[in-house]
Amino acid sequence: MRENKLKEIYKTIDTGTAQEKMANLPKFPKIIEFEITNHCNFNCIMCPTGIGTARRERGYMSDAIFHKVIDEIAEHKVALKFVGQGESLLHPKAIEYIAEASARGIITHLTTNGSLLTEEMMKAMVDGPILDSIKFSFQGIDAEGYEILRQKDGFSDLMKKIKRLFEMRGEKEKPYITIGTSITNEKNEAIDDFIENAGKICDKVEVGMTNLETSELSLVKNDRNREKLIELRSKQVMNKKRYVCCPQVYDTITVRWNGDITACCGDIHGLMNLGNMATSSIADCWNGDKEFAYRKVLAEGRYTDVEACKNCYDVYGWTYGDN
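Here goes a summary of the coordinates provided. Here the residue numbering is sequential within each chain, running from 1 through the sequence in written order. Owing to the predicted nature of the model, reporting of local features is limited to residues with pLDDT of at least 70; listing and counting of side-chain atom pairs is limited to 80 or more, with chain, interface and lining totals taken over all residues. Only hydrogens and water are set aside; all other atoms, that is, all heavy atoms of the structure, feed into the side-chain values.

## Considerations on the packing of aromatic side chains
Two aromatic rings, drawn from Phe, Tyr or Trp (for Trp, its six-membered ring), form a pair once their centres lie within 6.5 Å of each other, and the interplanar angle then sorts them: stacked below 30 degrees, edge-to-face above 60, tilted otherwise. Summed over all chains, the structure comprises 8 aromatic pairs. Taking 6.1 Å as the distance between ring centres and 40 degrees as the angle between the ring planes, the aromatic pair formed by phenylalanine 34 and phenylalanine 66 counts as tilted. Of the two residues, phenylalanine 34 is situated in strand S1 (residues 31-34) and phenylalanine 66 in helix H4 (residues 63-74); the sequence distance between them amounts to 32 residues. Considered together, phenylalanine 34 and phenylalanine 66 belong to a single accessibility category, that of buried residues. Put simply, the rings of Phe34, Phe66, Phe82 and Tyr97 pair up and form one aromatic cluster. Sitting over the ring of tryptophan 286, arginine 295 keeps its end group 4.4 Å from the ring centre. Secondary structure elements follow DSSP: runs of H or I no shorter than four residues count as helices, runs of E no shorter than two count as strands, and numbering proceeds from the N terminus. Here the term buried applies to any residue with accessible area under 20% of the maximum for its type, exposed to any over 50%, and partly exposed to those in between, with areas from a 1.4 Å probe on protein chains only. We count a charge as sitting over a ring when the NZ of a lysine or the CZ of an arginine lies within 6 Å of the ring centre and within 35 degrees of the ring normal.

Printed below as a string of structure tokens:
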């Protein structure tokens, strides 16, 4: 049976209290969230990059930063997730970077909206093989829901690309293919139909809730749809829950396109920077005083003491799939 190489890592990440994690911290993060660009070709209404509210400068990772990161993490053989506040495949060297990381024995993962995926890219992923796992990021469960949240038509084309990759891979071990989407007010029957159909062209389907709190709902053109989303957003705000244990500071770290090393992948504006690859290392930042201070504050449940954590809630509430 085909297994996602990240699954065993996440089993250790998704268990234990903050206090237990503090007492058993790894010497190096288990997963590196790797943003090679924060540019995106989509304008999703719930995404700070898409609606233009993200304050960080935009750009593309240089070869120098990439190689410094790879040289360090290759010693530890941890997982490298090509993901971030942008679309990784916009980087002209995305596939080359993934291939090099894979050749160094690093577990590689890509999260993508899939719109830029070509036949040539898919061939490299499968024939190399250079990619251990890939996750296709959707919104909604049909063409209408996808277009409302992503402000463009692309549902059918994306399903066709995923099917093509699934067929090209065949019985090969990798890449492990996941389809992940988030919903708003879809009916259970429709969700089940999506899971059944999507499950025929991938290894795993994940369905969660769309975080509408910071969404720009004025972009939704249909009055009825917009009113429904406004109502749903008000319910989300009333029912928000804190994470039982922060899923970031005890197990993972994020490297941005410009070399900034941050404590959290959700640090949209760069408020939790620990250092930069130009003058620091991942290990230095991971074991440094700033990161330890964040861990202590969050272990004590003092979320409001950290600007980037004040409005961080477990809103996704995955409803299907083993996450």
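## As for the packing of H4 against helix H5 (residues 94-103)
For any two helices packed against each other, the geometry comes down to the angle between their axes and how far apart the axes lie. Helix axes are fitted only over the stretch in contact, all axes being lines through C-alpha atoms; the angle between N-to-C directions runs from 0 to 180 degrees. For the pair H4 and H5, the least separation of the axes is 11 Å and the interaxial angle reads 20 degrees. Overall, the two elements H4 and H5 adopt an arrangement that is roughly parallel. For the pair H4 and H5, the sense of crossing is right-handed. The segment H4 lies against H5, with Asp63, Phe66, His67 and Ile70 engaging Tyr97, Glu100 and Ala101. When residues are sorted by character, Ala, Val, Leu, Ile, Met, Phe, Trp, Tyr, Cys and Pro go into the nonpolar class, Asp, Glu, Lys and Arg into the charged class, and all the rest, Gly among them, into the polar class. The residue makeup of the contact of H4 with H5, split by class, is 4 nonpolar, 1 polar and 2 charged. Roughly parallel refers to an angle under 35 degrees, roughly antiparallel to one over 145, roughly perpendicular to one between 65 and 115, and oblique to any angle outside these ranges. In this scheme the handedness of a crossing depends on how the near helix is turned from the far one: anticlockwise by less than a right angle means left-handed, clockwise means right-handed. Residues are treated as being in contact if the distance between any of their heavy atoms lies within 4.5 Å.

## Some words on a negative patch on the surface
Together, Asp142, Glu144, Glu147, Asp153 and Asp157 line one region of the surface with negative charge. Along the chain, aspartate 153 turns up in the loop between helix H7 (143-150) and helix H8 (155-169). In this structure aspartate 153 comes out as exposed when scored by relative accessible area, which is 58%. Only residues whose relative accessible area exceeds 30% and that take part in no salt bridge are eligible for patches, with like-charged residues grouped when within 9 Å of each other and nonpolar side chains (Val, Leu, Ile, Met, Phe, Trp, Tyr) grouped when within 5 Å. Here, Shrake-Rupley sampling with a 1.4 Å probe gives the accessible areas, and only protein chains in the shown set may cover a residue. For this document, the term salt bridge refers to a Lys or Arg side-chain nitrogen within 4 Å of an Asp or Glu carboxyl oxygen. Positive charges come from Lys and Arg, negative ones from Asp and Glu, while His and the chain ends are left out of the count. Taken as the charge location is NZ of Lys, CZ of Arg, CG of Asp or CD of Glu.

## Describing the sheet that holds strand S9 (residues 273-276)
Taken in spatial order, the 9 strands make up an open sheet running S6-S5-S4-S3-S2-S1-S7-S8-S9, and their pairing is mixed. Because the sheet does not close on itself, it has two edges, and the strands there are strand S6 (204-209) and S9. With direction set aside, neighbouring strand axes in the sheet form an average angle of 20 degrees. Bridging between strand S7 (residues 252-255) and strand S8 (residues 260-262) involves 2 bridges; their strand directions are antiparallel. Bridge pairing in S8 places threonine 254 opposite threonine 262. In this fold H5 packs onto strand S2 (79-82) and strand S3 (107-112), with an angle of close to 155 degrees to the strand it touches most, S3. Here H8 sits on the sheet in contact with strand S4 (133-137) and strand S5 (176-183), set at roughly 160 degrees to S5. A pair of strands is labelled paired if DSSP reports no fewer than 2 bridges between them.

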